[in-house]
Each structure stands twice: as structure tokens, then as C-alpha cells.
Amino acid sequence: MTESATPTSAVPADAAADPAAAARAELERRLATARAGGGEARVQRQHAAGKLTARERVELLLDPGTFVELDALVTHRCRDFG
């Protein structure tokens, strides 16, 4: 048998008992990272330049609670924009 590539310290203690809970926790962690918009420093830089983040602009444009973001975890493969 081969050993797992994931170190045991990176796996939550309850993952073996409830793998669905571990998967939900990982999904929530990834969604929170995506919602952070590149981190606090990047958001502050946008605000210092007098700009809003994309999510802030969408919130202003639409009625409260009507926007549902799809594909929040998708990453572009294209690196040569512009």
C-alpha cells in the first residue's frame, strides 16, 4: 500500500468520523478565501485608489439579496490579459 499524500496534521481530527463535515469545512474555507477578493491589502489598495471591489459594485447595482454568485471557485487559465 502507498501512503497518503496528505500529511495527517493537515486532516481535521473529525474527518475520519465525518468526511462530509470535513468536505463542508474545506468548501467554506475556499469560499471565504474567494470572497476575500485577494486579501485585505488588495482591497485596501482598491479603496485607497478611490475604487470599489467588483463585489461591492455588484452589491450597489442590484437589489439586496438578489445576487447569487456562480462559479466562485473557478480560476482562469489565461494569464496574458491585455
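Definitions and limits used
Residues numbered from 1 in each chain as written. Predicted model: local features only at pLDDT ≥ 70, side-chain atom pairs only at ≥ 80, totals over all residues. Heavy atoms only, no water. Helix = DSSP H or I, 4+ residues; strand = E, 2+ residues; numbered from the N terminus. Buried < 20%, exposed > 50% of the residue type's maximum accessible area, 1.4 Å probe, protein only. Areas by Shrake-Rupley, 256 points an atom, 1.4 Å probe, with all protein chains shown as cover. Salt bridge = Lys/Arg side-chain N within 4 Å of Asp/Glu carboxyl O. Patch = residues over 30% accessible without salt bridge, like charges linked within 9 Å, V, L, I, M, F, W, Y side chains within 5 Å. Contact = heavy atoms within 4.5 Å.

Helix and strand content of the chain: 3 helices and 0 strands. When the helices and strands of the chain are listed from N to C terminus, the series reads α-α-α. Every one of the 82 residues in the chain was classed for burial, and the buried ones make up 7%. Summed over its atoms, the accessible surface of the chain is roughly 7,500 Å², and 57% of this surface lies on carbon and sulfur atoms.

Bringing the pattern of salt bridges into the picture now. Under the defined criterion, the tally for this structure stands at 3 salt bridges. Notably, a salt bridge pairs E26 with R30, separated by 2.9 Å at the nearest N-O pair. Of this pair, E26 and R30 both sit in helix α1 (residues 19-35), 4 residues apart, which is roughly one turn of the helix. Members of the salt-bridge network, linked through shared partners, are E26, R29 and R30.

So, on to unusual backbone geometry. Trans peptide bonds make up the majority, and among non-glycine residues the majority have a negative phi. The residue D71 is not glycine, and still its phi comes out positive at about 60°. Positionally, D71 belongs in the segment after α3 (54-61). Relative accessible area serves as the criterion here: at 62%, D71 is assigned to the exposed category.

Once that is clear, we can look at a nonpolar patch on the surface. Among the surface-exposed residues, L61, L62 and F67 lie close enough to one another that they form a single nonpolar patch of about 320 Å² accessible area. Residue placement: L61 occurs in helix α3. Here L61 falls in the exposed class, since its relative accessible area comes to 70%.

Before going further, it helps to examine the environment of L31. Among the secondary structure elements, L31 is positioned in helix α1. For the pair L31 and A72, spaced 41 residues apart in sequence, the C-alpha separation works out to 7.0 Å. Among residues more than four places away in sequence, those in contact with L31 are A72 and L73.

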